[in-house]
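So the chains spell out like this:
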Amino acid sequence: MALTVRVVHDLLVISFMFSFIVLQQKSSAQSLRTLQNPRLTKCGFDKIYQLGDSLADTGNCIRESICGARTACARLPYGMNFFQKKTTGRCSNGMLIIDFIALGSGLPLLNPYKLKSANFRHGVNFAVAGATALSAEVMAKKKIVNAATNSSLSVQLAWMSSHFKTYTDVATKLKKALFLVGEVGGNDFNHGLLQGKTMKELRNMVPEVVQTIIHGVRRVIGFGATRIAVPGNFPIGCLPIYLTKFRTKNSTAYDEHHCLKDLNNFAVFYNHHLQQAIQDLKKRYPKITLIYGDYYNAYLWLLHNAVSLGFDKSSLQKACCGMGGDYNFNIRKLCGSPGVPICADPSTYIGWDGIHLTHQAYKWLARWLINDMLPKLNCQ
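From a predicted model like this one, the values you see are computed outputs, not experimental measurements.

Thresholds applied
Residues numbered from 1 in each chain as written. Predicted model: local features only at pLDDT ≥ 70, side-chain atom pairs only at ≥ 80, totals over all residues. Heavy atoms only, no water. Pairing = 2+ DSSP bridges. Helix = DSSP H or I, 4+ residues; strand = E, 2+ residues; numbered from the N terminus. Axes fitted to C-alpha atoms, helices over the stretch in contact; angles between N-to-C directions. Contact = heavy atoms within 4.5 Å. Buried < 20%, exposed > 50% of the residue type's maximum accessible area, 1.4 Å probe, protein only. Phe/Tyr/Trp six-rings, centres within 6.5 Å; stacked < 30°, edge-to-face > 60°. Salt bridge = Lys/Arg side-chain N within 4 Å of Asp/Glu carboxyl O.

S.K.: Quick question: what am I supposed to make of the sheet that holds strand 5 (residues 289–293) here?
M.R.: To summarise the sheet geometry, strands pair through backbone hydrogen bonds and adopt either a parallel or an antiparallel arrangement. Strands sit in the order 2-1-3-4-5 across an open sheet of five strands; the sheet is parallel. The outermost strands of the open sheet, each flanked by one partner alone, are strand 2 (123–125) and strand 5. This sheet shows a mean twist of 20° between the axes of neighbouring strands, independent of strand direction. Sheet strands in contact with helix 5 (residues 153–164) are strand 1 (47–51), strand 2 and strand 3 (177–181), and its direction is about 150° off that of strand 1.

The following block contains the structure:
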């Protein structure tokens with residue numbers, strides 16, 4: 001059995017790296033040729049630790065009682081294009097950004113912390129779908145309910161602390177590890193938006209969310225982390241869930257990609273504050289490699305180059321798995337519900353279920369992110 005798993009992993013790595021080499025495309029915003037050889041293996045990461053939400057959860061939510069009972073990510077069609085062709089708790093039809101980062105580092109896919117029988121030799125995934133940066137108690141004071149999970153960033157950090165207590169000489173064991181603190185924080189605003197909070201109220205939340213994430217980074221440094229990436233948020237005005245909810249006939253509300261300007265401007269506002277906080281923290285810890293993961297510009301790059309990357313031009317803002325309206329999205333009939341159809345070819349869609357992205361979209365985002373982060377990771 002171990003040999004079979006190893007062979008599957010090796011084939012995935014070979015396929016992943018080979019696809020980088022054969023990529024031949026012309027460019028516009030960023031040359032596609034820069035994505036041919038993302039040499040993340042030269043960083044020598046031997047472990048990866050992931051904190052976050054559904055953009056990175058590889059199976060924690062489905063192992064929680066409340067979260068597991070509520071999520072559709074536990075059943076098909078989620079996972080239909082995963083290499084094992086089964087559901088794993090990933091909120092996509094296949095793999096996620098963290099999966100491609102792990103493979104690009106020459107490591108196995110990260111097992112979820114809640115899978116107690118798992119091998120954690122090469123790291124642990126603590127991310128939980130629906131998780132927020134702020135605790136459930138703090139969110140409740142803001143009259144925002146998170147019905148999905150109470151496993152906020154502080155809870156995940158407590159899990160991490162408990163896990164590291166099983167180590168001897170923790171600092172040495174983490175010397176070659178990569179830590180990903182997020183993406184997390186997006187759900188603080190998602191829950192708020194969907195529960196009627198105004199843009200002003202959300203902007204007022206930004207400093208607290210950012211400081212909560214930065215506090216998390218400081219805790220990670222305290223555990224012994226030396227190389228840390230802190231991702232920002234996507235341009236949320238491009239997602240089918242919000243394009244549907246805030247649809248308007250006012251053409252000036254949309255940008256050149258038909259994304260909602262106000263929501264994207266909010267994401268820029270949040271990302272700016274997060275980047276500034278990261279820069280301030282770097283001054284305090286000059287010996288720590290601390291970088292920002294630019295999810296926002298990675299997504300815009302993907303939109304800008306979508307057609308040349310094989311995505312269907314007429315479906316760039318439609319959900320592959322969904323139904324209703326201009327964006328194949330109905331919040332009352334989500335992907336996984338009875339009778340909800342799936343597009344013929346998910347590889348030609350960016351959006352999977354109107355909230356999360358497809359395997360193919362995550363693959364390209366991972367390539368862009370690896371190339372963007374690689375020079376900043378100080379890998380020899």
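Having seen it, we continue.
S.K.: Sorry if this is basic, but what is going on with helix 7 (residues 186–194) here?
M.R.: One full turn of an α-helix is made of 3.6 residues, so residues set three or four places apart face in the same direction. Within helix 7, eight of the nine residues are buried, leaving the element largely enclosed by the surrounding structure. Restricting attention to buried positions, one finds in helix 7 the residues G186, N187, D188, F189, N190, H191, G192 and L193. For helix 7, the secondary structure elements touched by its buried residues are helix 4 (136–141), helix 8 (199–223), helix 9 (240–245) and helix 10 (261–284). Phi for G196, located one or two positions after helix 7, is positive at around 90°.

S.K.: Honestly, the packing of aromatic side chains in this entry has me stumped. Any pointers?
M.R.: Ring pairs (aromatic) are described by centroid distance and by the angle formed between their planes. Taken as a whole, this structure holds 15 aromatic pairs when the rule is applied. Between Y113 and F126, the ring centres sit 5.2 Å apart and the planes meet at 40°, which makes this aromatic pair tilted. Residue Y113 is located in the loop between helix 3 (97–104) and strand 2, and its partner F126 is located in the loop between strand 2 and helix 4; the two are separated by 13 residues in the primary sequence. For Y113, a relative accessible area of 10% puts it in the buried group.

S.K.: What is the right way to read the pattern of salt bridges from this model?
M.R.: Side-chain pairing between opposite charges can occur once the charged atoms of the two side chains come close. Evaluated as defined, the whole model comprises five salt bridges. Ionic pairing is found between R90 and D99, a salt bridge with its closest N-O pair at 2.8 Å. Since its relative accessible area comes to 5%, R90 is described here as buried. Residue classification places D99 among the buried positions, given a relative accessible area of 1%.

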